Amino acid sequence: MDVKSRNYLLMNRQALEKDIKTSYIMDRMISDEVLTLQEEEKVKQQNTQKERAAMLINIILTKDNNSYRSFYNALLHEGYRDLAALLQDGIPAISSGNGKSSMDGMTSYVKTILCEGGVPQRPVVFVTRPKLVDAIKQKLCCLGSDPGWVTVYGMAGCGKTVLTAEALRDHQLLEVYFPGGVHWISVGKQDKAGLLIKLQNLCSRLEHDSTLSQRPPLNIEEAKDRLRLLMLRKYPRSLLILDDIWDSWVLKAFDNQCQVLITSRDRSVTDAVAGIKYEVHVESGLAHEKGLEILSLFVNMKISELPEQANCLVRECKGSPLVISLIGALLRDFPSRWEYYLKQLQNKQFKRIRKSSSYDYEALDEAMSISVEQLNDNYKDYYKDLSILPKDVKVPTKVLCILWDMETEEVEDILQEFVNKSLLFCDRNGKSLHYYLHDLQLDFLTEKNRNQLQELHKNIVNQYKKYYKLNTPVPSQEDCMYWYNFLAYHMAGANMQKELRGLMFSLDWIKAKTELVGPAHLIHEYVEYSSILDQKDSTVRENFQEFLSLNGHLLGRQPFPDIVQLGLCQPETSEVYQQAKLHAQRETGTFYLEWINKKSLKNLYRLVVRPHRDAVYHACFSKDRQRIASCGADKTLQV
């Protein structure tokens, strides 16, 4: 055990011996595998409570740092918070199993765990910030084996994600505290449909080696339940990392009595969830020396050899790791332009890219403008095309091949130019390359090109139509999921009413999309784009929305039902029925049933009501069959 930790135990020994009852504390330490059953029996043989506490402390003093941490966590979780506070400053720092710092390399065990868990790779230019990395590790250790939350918070571009990923590159931390592995999810700003897709993907990832393939969860409540069972039964003592959380309601979907690490700009984001909570604040600016170190790595010079403008540049960048990296990437290509870039930062006034005053993005705006201006004119146009990419989405190369009508190699060369200048990020995990913009870079682009966004959206839709003609993407194609998730988004952004209606009111499209992602995302799109779809009449949109709402429980099943047959069960006035009948008449060799007494029913969609704001737990008919009583998660009883 470290000398410091040992001293804290000895200093506070009297208070510990006076107050603690050892039985529950020993149970936790045995479950952490730091105390043996023989040692437990030795403690129990003592006559008084004080003597048992004294014996336990004597045993801990003969052990290693893990015993100290386990004892601290046991005190914390068994109601001895005041005593735990006495020991908190003595918690030993985590070091890697081979005695090296995390910068010296990782064991193959760590590499495997992080790769399987989807943890981002270390940036090419990386400067260690050991105090913050150790703080994150220490808070993770404080969780012990109990459910709880660790929040890494700070302003945009301060390095939360990189620091969090770096804290996980530690053999001892993973082996002792999270032997079940780690699972990284990039969340971002989401609506309910987007959150459901994230949950579906996570459940699919966790079930990847299951012998029984399950259908995706149909709603957030079902996804939450499945995730809870997976974490409890299949991945106990594992860590869930939720990167870039914006809204507290999103966290409720992951509130499953497991151990969760989140990164966020909002310190209060965990207020909506229960459990033990710890925080690590990432300062908005790097220390001046760290900023110089980043620049020196980019330009391949010693800090002492940097020109005098370097100090001024770091000050003008306001310590933002993202901004310093952007400037550093420019200086790597043009090492004689120190004075030029300094003047650009000092003299140019750019308007803020966000109207919110919560965070100051002036420095990023300045660096982004300078970086983009250094591109040649052709490349500027290609970069402008990225203005319409959805936030928090990794775009496969094939999508941009279609957009620019180029071969894969040509597109990758262009995108690599952006990556080299820190204007774009590349995810090299998986079979193909995926590209994405930092959210602030995307904000900058959308603001800068606001008057051209409609044309840019129109261009990507036209390129899609040119490439696929009358066909639709198939799941084996790497760009398939992108188009099913975002083609309607681009059509709406282009205000292409005719094309959007043709897509959203097509049974072929509905069948293909619901088979892949379920009906929730489509229903969301009908609501989201209703103002465009309803320009002439809202009836058709309502027909399709009601059809999906009525049949959502069927469209999530395997084998997938015949959507034409479902459409034939709609009222004869419905556009869904009309399309289904045309499909049925065109197809030969397929048997369909026509529901001939539909007219005797008043209005089918009125059979569906939504009395609750959330999940329905129970419902029953009255004896005369005229009323239904129901109760739900919103804690109301409705009749």
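Before going into details, it helps to say that this report is about the structure given with it.

Cut-offs and rules
- Every chain is numbered on its own, with residues counted from 1 as its sequence reads.
- Only residues with pLDDT of at least 70 get local features here, since the model is predicted, and only at 80 or more are side-chain atom pairs given and counted; chain-wide, interface and lining totals rely on the full set of residues.
- Heavy atoms from the whole structure form the basis of all side-chain values; hydrogens and water molecules are not counted.
- Helix numbers and strand numbers start at the N terminus; a helix is a DSSP run of H or I with at least 4 residues, a strand a run of E with at least 2.
- The buried label applies to any residue whose accessible area, calculated with a 1.4 Å probe on protein chains only, is under 20% of its type's maximum; exposed applies above 50%, and partly exposed to all values in between.
- Pairing between strands requires that DSSP locate at least two bridges from one strand to the other.
- The span one expects for a helix is its residue count, reduced by one, times 1.5 Å.
- Pairs of residues are marked as contacts when any of their non-hydrogen atoms sit within 4.5 Å.
- Here, axes are lines fitted to C-alpha atoms. For helices the fit covers the stretch in contact, and angles between N-to-C directions go from 0 to 180 degrees.
- Directions from the helix axis toward the C-beta atoms define the arc.
- Remark: nonpolar core denotes a set of buried residues (Ala, Val, Leu, Ile, Met, Phe, Trp, Tyr, Cys) joined through side-chain atoms within 4.5 Å.
- These domain limits were set by an automatic method or by a database of domain assignments.
- Any Lys or Arg side-chain nitrogen located within 4 Å of an Asp or Glu carboxyl oxygen qualifies as a salt bridge.

1. Some points on unusual backbone geometry
Piece 1. A positive phi angle is found at asparagine 300, which is not glycine, with a value near 60°.
Piece 2. Tracing the backbone through its elements, the reader meets asparagine 300 in the loop between helix H15 (288–299) and helix H16 (309–316).
Piece 3. Residue class for asparagine 300 comes out exposed when judged on its relative accessible area of 71%.
Piece 4. Positive phi is not limited to glycine here, since aspartate 405 has a value of about 55°.
Piece 5. Position of aspartate 405 relative to the elements: it lies in the loop between helix H21 (397–404) and helix H22 (408–420).
Piece 6. Accessibility expressed as a relative area gives 52% for aspartate 405, which makes it exposed.

2. Looking at the sheet that holds strand E7 (residues 425–427)
Piece 1. Here we have 3 strands laid out as an open sheet, ordered E6-E8-E7, and antiparallel in their pairing. A single partner strand is all that each edge strand has here, and the edge strands are strand E6 (395–396) and E7.
Piece 2. Inspection of the sheet shows E7 paired to strand E8 (residues 434–436) by 3 bridges, in the antiparallel sense. When the bridges of E8 are listed, cysteine 426 appears paired with tyrosine 435.

3. So, helix H17 (residues 321–333)
Piece 1. If you check H17, its first and last C-alpha atoms are 19 Å apart, about what 13 residues at 1.5 Å a residue would give, namely 18 Å.
Piece 2. Most of H17 sits inside the fold, with 11 of its 13 residues counted as buried.
Piece 3. Of the residues making up H17, those classed as buried are Pro321, Leu322, Val323, Ile324, Ser325, Leu326, Ile327, Gly328, Ala329, Leu330 and Leu331.

4. A few points about the environment of glutamate 283
Piece 1. Relative to the assigned elements, glutamate 283 resides in the loop between strand E5 (276–281) and H15.
Piece 2. Spatially, the C-alpha atom of glutamate 283 lies 9.4 Å from that of lysine 160, the residues being 123 residues apart in sequence.
Piece 3. When residues no more than four places from it in sequence are discounted, the contact partners of glutamate 283 are Arg129 and Cys158.

5. A word on the sheet that holds strand E3 (residues 239–245)
Piece 1. The strand order E2-E3-E4-E1-E5 describes an open sheet built from 5 strands, whose pairing is parallel. At either end of the open sheet lies a strand with only one pairing partner, and these are strand E2 (182–186) and E5. Averaged over all neighbouring strand pairs, the angle between strand axes comes to 15°, with direction disregarded.
Piece 2. As paired elements, E3 and strand E4 (residues 259–264) share 5 bridges and run parallel to each other. Within E4, the position partnered with isoleucine 241 by the bridge is leucine 261.

6. Examining the pairing of E2
Piece 1. Within E2, 4 of the 5 residues are buried, leaving the element largely enclosed by the surrounding structure.
Piece 2. Across 5 bridges, the pairing between E2 and E3 is parallel. Counted as the bridge partner of isoleucine 185 is leucine 242 from E3.

7. Focus: helix H1 (residues 3–11)
Along an α-helix, a turn takes 3.6 residues, which lines up residues three or four apart on a common side.
Piece 1. Among all positions in H1, only Ser5, Tyr8 and Leu9 are buried. All buried residues of H1 lie within an arc of 100° about the axis, which places them on one face of the element. For H1, the exposed residues set more than 90 degrees away from the buried face come down to Val3 and Met11.
Piece 2. Each element contacted by the buried residues of H1 is listed here: helix H2 (13–19), helix H5 (49–61), helix H6 (65–77) and helix H7 (81–87).

8. Some words on the nonpolar core
Piece 1. Among the nonpolar cores identified, the biggest contains 74 residues, and Tyr383, Leu386, Trp404, Phe418, Trp483, Leu500 and Tyr526 are the most heavily contacted of them.
Piece 2. Of the residues forming this core, the biggest block, 9 residues, is contributed by helix H25 (residues 480–493).
Piece 3. Structurally, this core is a two-domain feature, drawing no fewer than three residues from each of domain 3 (309–440) and domain 4 (474–586).
Piece 4. Counting residues in hydrophobic clusters, the runner-up holds 59 residues, among them Ala53, Leu75, Leu168 and Tyr177.

9. Let's talk about the environment of glutamate 409
Piece 1. Within the fold, glutamate 409 resides in helix H22.
Piece 2. For glutamate 409, a relative accessible area of 53% puts it in the exposed group.
Piece 3. Residues glutamate 409 and threonine 397 lie 12 residues apart in sequence; the distance between their C-alpha atoms is 9.5 Å.

10. Digging into the pattern of salt bridges
Piece 1. With the rule as written, the count across this model stands at 19 salt bridges.
Piece 2. Between glutamate 515 and lysine 511 there is a salt bridge, with the nearest N and O atoms lying 2.9 Å from each other. With glutamate 515 and lysine 511 both in helix H27 (residues 507–517) and 4 residues apart, this pair spans about one turn of that helix.
Piece 3. We note a salt bridge from lysine 513 to glutamate 525, for which the minimum N-O separation is 2.9 Å. Remark: glutamate 525 occurs in helix H28 (residues 520–528) and lysine 513 occurs in helix H27; sequence separation between them is 12 residues.
Piece 4. What emerges from the salt-bridge pattern is a single network uniting Arg122, Glu166 and Arg169.

Worth remembering: the numbers are spatial, not functional.
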